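# An overview of the molecular structure
Here's the letter readout for the chains.
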Amino acid sequence: MTQQPIPFLDLVTSHRELEEELVAAFRTAVRSARFIGGPEVEGFEREFADYCGSNFSVGVSSGTDALRFALLAIGVGHGDAVLTVSHTFLATVEAINQTGAVTEFVDVDEATYTMSPAALSEYLKACAKEPSTGRPLALRSKKPIKAIVPVHLYGHVADMGAIASLAAQYNLLVVEDACQAHGAEYFDESTGDWRRAGSLAKAAAFSFYPGKNLGACGEAGAVTTNDEAVAARVRMLRDHGQATKYYHDIEGYNGRLDAIQAAFLRVKLRHLENWNAARRAAAREYNSLLDASGLGALRPVEAAWSRSVFHLYVVRTKDRDGLGRHLKANGIDTGLHYPVPVHLQKCYEEWSPGRGSLPVTERVAAEILSLPMFPGLRPEQQSAIVEQVGEFVGVRTTN
Ligand SMILES: *Cc1c(COP(=O)(O)O)cnc(C)c1O
């Protein structure tokens, strides 16, 4: 080992820096004993909606619940099909299936690893129409398609303009999986503005799992939407379907956001812009170090219409397992996001379309490697990492 070990993610340092503020927030919560609902939850919801440029945000207990509740709230359920990608964390598909709908997959774009509008268009063109409603029927399940869930993977938004225009053409709703994209921006050609994830579709789901760009000190999530009725429905779903205590209009869930987590999130939200800026700076540093070492081909691609918040910095190379082992042997931790695409997971063996059905997803999943990425990552650590990448890739004939 040539240097101090470099972790994949350092959550300890940022929490040490915030310790006083977090402890103060905790003390306030304990003294008021308002653990469920109340001013901290409402305050965070308002601040997070403002941050995203969305009218409403509703705090829930995880990103998975956020996605499930958002889908249920827009009317997705039994009998529907929902289109998403397989190159994502499993929760995207769990949430869809647990509404009672069936998931069908479209492939990702080779450059951005997010939903390919071309693949989506091709899929929709191939669909027969339900005679009574004109809705497209999903290719495998033959169920009418209700919604599309693009995933803003690694902090890079999906091509929402192209996806929105296909959705409009086929009368489908769009829900963003923004669990990795707090603060990520998309250039909206129709308005000429950069707009944030969480404001780009009918509704969006965020996770505040501790390792996300904005993380709680435990489990938490939120739904954002501009639609007041959707926000009201999510508020009921997270709280056993009650709008008034003990009057249950629908059957819901126990999926609320803890007041203590909301208080922690309010503290951390004030730092999110700085943290995202630090991640973007670290990504630029990696890019220039890779370029300078003749390894530019490994770089992740940032589309012109995207301002990524680099939840992850993911390089691509044929022998990524070898590279991962070489870095590990030199004290550098890496990650795989994700080693097995959702459609090839054991739990979905029964209904999944199987190997060969999503060629880009399958190719990408075999070649990606996530390098250390967190706001406190230092340039000298990045130099050491890229030096080791060069040492491994350089001794091989291909990358
Ligand atoms: C983290 C994540 C989720 C799930 O969020 P939880 O808070 O862990 O439930 C969903 N989708 C994606 C893309 C994620 O990264």
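Each remark here, short or long, concerns the structure printed above.
Scope of this entry: the structure provided in the associated data block.

### Details of the overall build of the protein
- Counting secondary structure elements, the protein contains 12 helices and 14 strands.
- Against the globule reference of 21 Å for 399 residues, the protein gives a C-alpha radius of gyration of 21 Å, in line with a compact fold.
- Its C-alpha atoms give the protein principal-axis dimensions of about 65 × 60 × 45 Å.
- Counting only contacts in the protein whose residues sit at least 6 apart along the sequence, the fraction spanning at least 24 positions is 72%.
- Carbon and sulfur atoms make up 51% of the accessible area of the protein, which amounts to about 17100 Å² in all.
- For the protein, the separation between the mean place of its 40 positive charges and that of its 47 negative charges on side chains is 2 Å.

### With respect to the packing of aromatic side chains
- Within the structure shown, the criterion is met by 14 aromatic pairs.
- Note on Y286 and Y313: the rings are 4.5 Å apart at their centroids and 25 degrees apart in plane angle, and the pair reads as stacked. You can see Y286 sitting in helix α9 (residues 259-292) and its partner Y313 sitting in strand β13 (residues 313-316), a full 27 residues away along the chain. The residues Y286 and Y313 share a single accessibility class, namely buried.
- Taken together, the ring pairs in this structure connect F44, F48, Y51, F206 and F208 into an aromatic cluster.
- In this arrangement the basic side chain of R68 is found over the ring face of Y253, its NZ or CZ atom lying 5.1 Å from the centre.
- When the ring centre of W194 is taken as reference, the NZ or CZ atom of R307 above it lies at 4.1 Å.

### Here we look at unusual backbone geometry
- Look at the link from H337 to Y338: it is a cis peptide, with omega at 10 degrees.
- The residue Y338 is located in the loop between α10 (320-329) and α11 (359-365) in this model.
- The backbone phi angle of Y154 is positive, close to 65 degrees, even though this residue is not glycine.
- Relative to the elements of secondary structure, Y154 occurs in the loop between β4 (145-149) and α7 (160-170).

### Overview of the environment of V82
- Positionally, V82 belongs in strand β2 (residues 81-84).
- Taking relative accessible area as the criterion, V82 reaches 0% and is therefore assigned buried.
- In this structure the C-alpha to C-alpha distance between V82 and T28, which are 54 residues apart in sequence, comes to 43 Å.
- Excluding residues within four positions of it along the chain, V82 makes contact with V76, I96, A101, V102, T103, E104, A147 and V149.

### Thoughts on the nonpolar core
- Grouped together as the largest cluster of nonpolar side chains are 58 residues, with contacts concentrated most on F44, F48, L120, L124, I145 and F208.
- Broken down by secondary-structure element, the contributors of at least two residues to this core are α3 (39-52), β2, α6 (117-125), β4, α7, β8 (203-207), α9 and α11.
- Summarising the domain contributions, this core has at least three residues from each of domain 1 (13-269) and domain 2 (272-396).
- With near-sequence residues (within four places) excluded, L124 lies in contact with L83, P136, I145, L166, Y170 and L172.
- Core analysis: the second largest hydrophobic core is formed by 26 residues, L67, F69, A147 and V223 among them.

### Overview of the packing of helix α4 (residues 63-73) against helix α8 (residues 228-237)
- At a closest axis distance of 9 Å, the pairing of α4 and α8 adopts a crossing angle of 125 degrees. What the angle tells us is that α4 and α8 run oblique. The handedness of the crossing between α4 and α8 comes out as right-handed. Residues F69, A70, L72 and A73 of α4 form the contact with α8, whose own contacting residues are V230, R233, V234 and L237.

### Remarks on the site of the ligand
- Close to the ligand lie 13 residues; G63, T64, Q180, S207 and K212 are nearest.
- At 2.8 Å from an oxygen atom of the ligand is found a main-chain nitrogen or oxygen belonging to G63.
- At 2.5 Å, a side-chain N or O of T64 approaches an oxygen atom of the ligand.
- The fraction of the free accessible surface of the ligand (380 Å²) that becomes covered by protein chains is 93%.
- Broken down by secondary-structure element, the contributors of at least two residues to the shell around the ligand are α4 and α5 (91-97).
- Looking at the shell around the ligand residue by residue, the classes come out as 4 nonpolar, 7 polar and 2 charged.

### So, helix α12 (residues 379-394)
- The first and last C-alpha atoms of α12 sit 21 Å apart over 16 residues, in line with the 22 Å expected at 1.5 Å per residue.
- Those residues of α12 lying buried are Q381, Q382, A384, I385, V386, Q388, V389, F392 and V393.
- Summarising the contacts, the buried residues of α12 are in contact with α9, α10 and β14 (368-371).

### Some words on the sheet that holds strand β12 (residues 306-307)
- Spatial strand order, β7-β6-β12: 3 strands in an open sheet with antiparallel pairing. If you trace the sheet from one side to the other, it starts and ends with β7 (193-196) and β12, each paired once.
- One ladder, built from 4 bridges, connects strand β6 (residues 185-188) with β7; its direction is antiparallel. For Y186, the partnering residue across the bridge sits in β7 and is R195.

### What to know about the sheet that holds β2
- Across the sheet, which stays open at both edges, the 7 strands sit in the order β1-β9-β8-β5-β4-β2-β3 with mixed pairing between neighbours. Looking at strand neighbours, the two that pair on one side only are β1 (56-60) and β3 (102-105), the edges of this open sheet. The mean angle between the axes of side-by-side strands here comes to 25 degrees, regardless of whether they run parallel or antiparallel.
- With 4 bridges connecting them, β2 and β4 associate as parallel partners. Each bridged residue has a counterpart across the sheet, and for A81 the counterpart in β4 is I145.
- Each of β1, β8 and β9 (221-225) touches α8; the most contacted strand, β1, lies at about 15 degrees to it.

What counts as what
In every chain, residue numbers begin from 1 and rise along the written sequence. pLDDT decides what is reported in this predicted model: residues at 70 or higher carry local features, side-chain atom pairs at 80 or more are listed and counted, and totals for whole chains, interfaces and linings draw on all residues regardless. Values shown for side chains rest on all heavy atoms present in the structure; no hydrogens or waters enter the calculation. Only DSSP runs of H or I reaching four residues or more are called helices, and only runs of E reaching two or more are called strands; each is numbered from the N terminus. Radius of gyration: over C-alpha atoms. The globule rule applied is 2.2 Å multiplied by the number of residues raised to the 0.38 power. By definition in these notes, contact holds between two residues if any of their heavy atoms fall within 4.5 Å. In these tables, accessible area is a Shrake-Rupley quantity obtained with a 1.4 Å probe, and a residue counts as shielded only by the protein chains included in the view. None of His or the chain ends enter the tally, which takes Lys and Arg as positive and Asp and Glu as negative. A charged residue contributes its charge at one atom only: NZ of Lys, CZ of Arg, CG of Asp or CD of Glu. Paired rings are identified among Phe, Tyr and Trp, the last through its six-membered ring, by centres lying within 6.5 Å, and are further divided according to the angle between planes into stacked (under 30 degrees), edge-to-face (over 60) and tilted (the rest). When accessible area is computed with a 1.4 Å probe and restricted to protein chains, residues below 20% of their type maximum are described as buried, those above 50% as exposed, and intermediate ones as partly exposed. Remark: a charge is flagged as sitting over a ring if the NZ atom of Lys or the CZ atom of Arg is within 6 Å of the ring centre and within 35 degrees of the ring normal. We call a set of buried residues a nonpolar core when its members are Ala, Val, Leu, Ile, Met, Phe, Trp, Tyr or Cys and they connect through side-chain atoms within 4.5 Å of each other. Domain extents, as shown, originate in an automatic or database domain assignment. Angles here are taken between N-to-C directions and fall from 0 to 180 degrees, while the axes themselves are lines fitted to C-alpha atoms, restricted in helices to the stretch in contact. Throughout this description, any angle smaller than 35 degrees is read as roughly parallel, any larger than 145 degrees as roughly antiparallel, any in the 65 to 115 degree range as roughly perpendicular, and the remainder as oblique. Should the near helix be turned counterclockwise from the far one by less than a right angle, the crossing is left-handed, whereas a clockwise turn marks it as right-handed. By convention in these notes, a residue is near a molecule or strand provided one of its non-hydrogen atoms lies within 4 Å of it. We define a polar contact as two N or O atoms separated by no more than 3.5 Å, with the added condition that, inside protein, one atom must be a possible hydrogen donor and the other a possible acceptor, whereas residues neighbouring each other in sequence contribute only through side-chain atom pairs. We call Asp, Glu, Lys and Arg charged. Ala, Val, Leu, Ile, Met, Phe, Trp, Tyr, Cys and Pro are nonpolar, and the rest, Gly among them, are polar. To estimate the expected span of a helix, count its residues, drop one, and scale the result by 1.5 Å. A pair of strands is treated as paired once DSSP finds two or more bridges between them.

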